[in-house]
Amino acid sequence: MNISVLSVACITLIALVAHVFAGTRETAAIAPTSQGEKLTANWVQAMCAFQMLTVDLLVVAVALFAVVFFDLGPMERPIVLLLSLLFLLWGLVWVIQLRWLNRPAASLMRLPHWMIWFLCSGLLYYGS
């Protein structure tokens, strides 16, 4: 059993649960109070995009647990490396977006998700 991959699978499962329950509640709480069409459409778009990540987290968690519990033969290493790259890209996009938006209330330390994604990327790379 690959402990590095198992660790990332568990982290991803925790992220999925947190994303579905806490994240959805927080995102729903910022629903516009006015009935402005553009603001409402933008909020609905943000909610839909937010839930698209839920699907990503679910697929990644299932793939990681499959690597841990099943013998995937020669496909295992490429899958783990691909997922390592995915986590790396998630972290990079997170950092770039935060730096580009440059809002004091949303600093790298206040929204440290990127650290988790980089940690997962490194663990998967190490475990490949």
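Quick look at the structure, then.

Parameters at a glance
Residues take numbers from 1 onward in each chain, read along the sequence in its written order. Owing to the predicted nature of the model, reporting of local features is limited to residues with pLDDT of at least 70; listing and counting of side-chain atom pairs is limited to 80 or more, with chain, interface and lining totals taken over all residues. Processing note: side-chain calculations cover all non-hydrogen atoms of the structure and skip hydrogens and water entirely. When a residue's accessible area, from a 1.4 Å probe over protein chains only, is under 20% of the maximum for its type it is buried; when over 50% it is exposed; and in between it is partly exposed. Note on geometry: axes are C-alpha line fits, over the in-contact stretch for helices, and angles between N-to-C directions span 0 to 180 degrees. Only DSSP runs of H or I with at least four residues qualify as helices, and only runs of E with at least two residues qualify as strands; both kinds are numbered from the N terminus onward. Angular relationships are summarised with four words: roughly parallel below 35 degrees, roughly antiparallel beyond 145, roughly perpendicular across 65 to 115, and oblique for the angles in between. Whether a crossing is left-handed or right-handed is set by the direction in which the near helix is turned from the far one by less than a right angle, anticlockwise for left-handed and clockwise for right-handed. Any two residues whose heavy atoms approach within 4.5 Å are treated as being in contact. Throughout, a disulfide means two cysteine sulfur atoms within 2.5 Å of one another. Under the convention used throughout, the expected extent of a helix is 1.5 Å for every residue step, that is, one less than its residue count.

## Quick look at unusual backbone geometry
Part 1: With a phi angle near 50 degrees, N102 is a residue other than glycine that sits in the positive phi range.
Part 2: The exposed category is assigned to N102, whose relative accessible area is 53%.

## Topic: the packing of helix α2 (residues 37-69) against helix α3 (residues 76-101)
Part 1: The geometry of α2 relative to α3 is characterised by a closest axis approach of 11 Å and an angle of 150 degrees between their N-to-C directions. In terms of orientation, α2 lies roughly antiparallel with respect to α3. Crossing angle aside, the handedness with which α2 passes α3 is left-handed. Residues L53, D56, L57, V60, A63, L64 and V67 of α2 form the contact with α3, whose participating residues are E76, I79, V80, L83, L86, F87 and W90.

## Remarks on the state of the cysteines
Part 1: In total, this model carries zero disulfides according to the counting rule given.
Part 2: Counting only cysteine sulfurs, C10 is the nearest neighbor of C120, a cysteine outside any disulfide, at a range of 10 Å.
Part 3: Residue C120 is classed as buried on the basis of its relative accessible area of 0%.

## Some words on α2
Part 1: Over its 33 residues, α2 runs 48 Å from end to end, which matches the ideal 48 Å to within 8%, given 1.5 Å per residue.
Part 2: M47, F50, T54, L57, V60, A61, L64, V67 and V68 are the residues of α2 that are buried.
Part 3: As for α2, its buried residues are in contact with α1 (3-29), α3 and α4 (113-127).

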